[in-house]
Each structure stands twice: as C-alpha cells, then as structure tokens.
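Chain by chain, the residues run as shown.
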Amino acid sequence: MSDVKKFMFVNRKAPYGTIYALESLEVVLITAAFDQDVSLAFLDDGVYQLKKGQQTKGIEIKNFSPTYRALEDYDINKLYVEKEALEARGLSAEDLIVDVSVVSRAEMGKLMDEQDVVLSF
Amino acid sequence: MLHIVNKSPLSSSTLESCMNTAVGGDILLIEDAVYAATAGNAFESKLRAAMGRFKVYALQPDLEARGMGDKLMDGVTAVDHGGFVDLAASNKNCQSWL
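Since the model is a prediction, treat every value here as computed from it, not as a measurement.

**Focus on the overall build of chain B**
- The helix and strand inventory of chain B stands at 4 helices and 5 strands.
- Written out in order from the N terminus, the α and β elements of chain B read β-α-β-α-β-α-β-α-β.
- In terms of overall size, chain B behaves like a compact globule, its C-alpha atoms giving a radius of gyration of 12 Å where 98 residues would be expected to give roughly 13 Å.
- Its C-alpha atoms give chain B principal-axis dimensions of about 30 × 30 × 25 Å.
- Per-residue burial over chain B gives 51% buried out of 98 residues.
- Excluding contacts between residues fewer than 6 apart, the proportion of contacts in chain B whose partners are at least 24 apart in sequence is 69%.
- Within the structure as shown, chain B displays about 4,200 Å² of accessible surface, and the carbon and sulfur contribution to it stands at 52%.
- Treating the 8 positive side-chain charges of chain B as one cloud and the 11 negative ones as another, the clouds have centres 8 Å apart.

So this is what it looks like as structure tokens:
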C-alpha cells in the first residue's frame, strides 16, 4: 500500500545539556510505529548519547540512555557511529551502551546520501 | 574570578574563548563543559596547557550524569553542588561564559 522510505535520524548533540537528544529519541520511537526503514546516526558530540554508565540522579533529569537498548524491540537495528567522533572523545565501541556499527566519516556521508528523509537533531 | 563554562569544547568555542581571554583564576566546568576534563578527549591538551594560569574544577553530578564519573583527567578537581557554592563564595566575583 505505502512505499517504505529510508529515514535517518542524525544526532550531533550531547545528552542533557540540550533537549535535542531526548527529542530525537521520542521521534524515533514514533517513527518506528510506521514500519519505515529507520536508521540512527551518531556523530560529533552525539556519540556521547550512547556512553555507558550514565547516572543522572545528581542532576535530577531522567536518564534516557537505557531506551537505546530497547530500540531493537522496535525493529530499529541500524545504529551508525562515526569513528572519528569516538576517537576525538577518547571513546571506543566498548564504551557504548548498545552494539553499533562504527563507520568512518566518509562512510557516514555515503549512508546519508542514500536516505529519502534525513531528520537532524 | 570564577569562570563558569557550560558548553562542550568540541562543539563550541566558549571554553577556548574563556581560556584565551581571562587572565587567570578558577574555571568551573559544568553541564556539557565537563567533557573537556575527560581523559583522551581532543581538547585535553588545550585544557592542560591552561592549567598553569587557572585552577580547573568540574561538577561531579554532571560528570556522573554523562557516564564520565570515572574518566576525569588528572589535575582537575571534582566538586559537588556544595563545592560550587564554596567557589562562588570564595571568589570576589564570577562570570558565566554562555
């Protein structure tokens, strides 16, 4: 009936300092209900969203990082993380709360170029 | 003077402007600025270079919220909210670099 489109959510902001990371996650979960081809990209400070061990009690903000682990229950399995962004922050894939595909900046650019819709946060 | 910075050093020039402009004193890193004080980040060497002129602090609850409680680089002092108040009280004035 309807065509499946490729949607990519581009996350470039750290969590908590601004509302972008949480808002992106909310829209991702909504999109999951529409059976589209959804992928998430994490670059620049966006990679911090996936850092393991977030403990937000001291700042009295909800820790939404466990939600990334629930994405697979919504058939969202394409999580791409920019290698250069991780390295610039002293992080590696082992520091992240979910399994991701680590891709180079050049590969990330190609993935973006393949999309029908790109939503930026 | 106490200089308070709340922006990530890798997405904003705020901390760099602060360090390049201020003559010295205390720098307190809060919110996304705490990433500047995490081991292995690309801004680490610039922060370290400024430590001769500044005493650098980072807000522990903001480090913990970001999963960075165990990644604080050497030479930066972690403070809690009470320590934030002490810094504000012990300096003759403060400046928030927004």
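There is more to say after this.
**Topic: the pattern of salt bridges**
- Here the structure, examined in full by the defined rule, presents 10 salt bridges over all chains.
- A salt bridge links A:Lys78 to A:Asp37; the nearest nitrogen and oxygen atoms lie 2.7 Å apart. Here A:Lys78 is found in strand β3 (residues 78-82), whereas its partner A:Asp37 is found in strand β2 (residues 37-42), with 41 residues between them in sequence.
- Judged by relative accessible area, which is 32%, A:Lys78 ranks as partly exposed.
- One salt bridge connects B:Arg48 with B:Glu44, and the closest N-O pair in it is separated by 3.2 Å. Taken as a pair, B:Arg48 and B:Glu44 lie in helix α2 (residues 44-50) at a separation of 4 residues, close to a single helical turn.
- When its relative accessible area of 17% is taken as the criterion, B:Glu44 is described as buried.
- Linked through salt bridges whose partners overlap, the residues forming this network are A:Lys6, A:Asp37 and A:Lys78.

**Quick word on the interface of chain A and chain B**
- The partner chain B presents 18 residues to the 21 residues of chain A that form the contact.
- The junction of chain A with chain B conceals about 1,400 Å² of combined surface from both sides, 53% of it contributed by carbon and sulfur atoms.
- Taken together, chain A and chain B are joined by 0 salt bridges.
- Taken together, the connections running from chain A to chain B amount to 8 residue pairs in polar contact (both at pLDDT 80 or more).
- The class makeup of the residues in the side of chain A that touches chain B is 7 nonpolar, 8 polar and 6 charged.

Rules and cut-offs
Residues numbered from 1 in each chain as written. Chains lettered and ligands numbered in written order. Predicted model: local features only at pLDDT ≥ 70, side-chain atom pairs only at ≥ 80, totals over all residues. Heavy atoms only, no water. Helix = DSSP H or I, 4+ residues; strand = E, 2+ residues; numbered from the N terminus. Rg over C-alpha atoms; globule rule 2.2 N^0.38 Å. Buried < 20%, exposed > 50% of the residue type's maximum accessible area, 1.4 Å probe, protein only. Contact = heavy atoms within 4.5 Å. Areas by Shrake-Rupley, 256 points an atom, 1.4 Å probe, with all protein chains shown as cover. Lys, Arg positive; Asp, Glu negative; His and termini not counted. Charge placed at Lys NZ, Arg CZ, Asp CG, Glu CD. Salt bridge = Lys/Arg side-chain N within 4 Å of Asp/Glu carboxyl O. Buried area = accessible area lost by both parts, 1.4 Å probe. Polar contact = N/O pair within 3.5 Å; in protein donor to acceptor, adjacent residues only side chain to side chain. Nonpolar A, V, L, I, M, F, W, Y, C, P; charged D, E, K, R; others polar.

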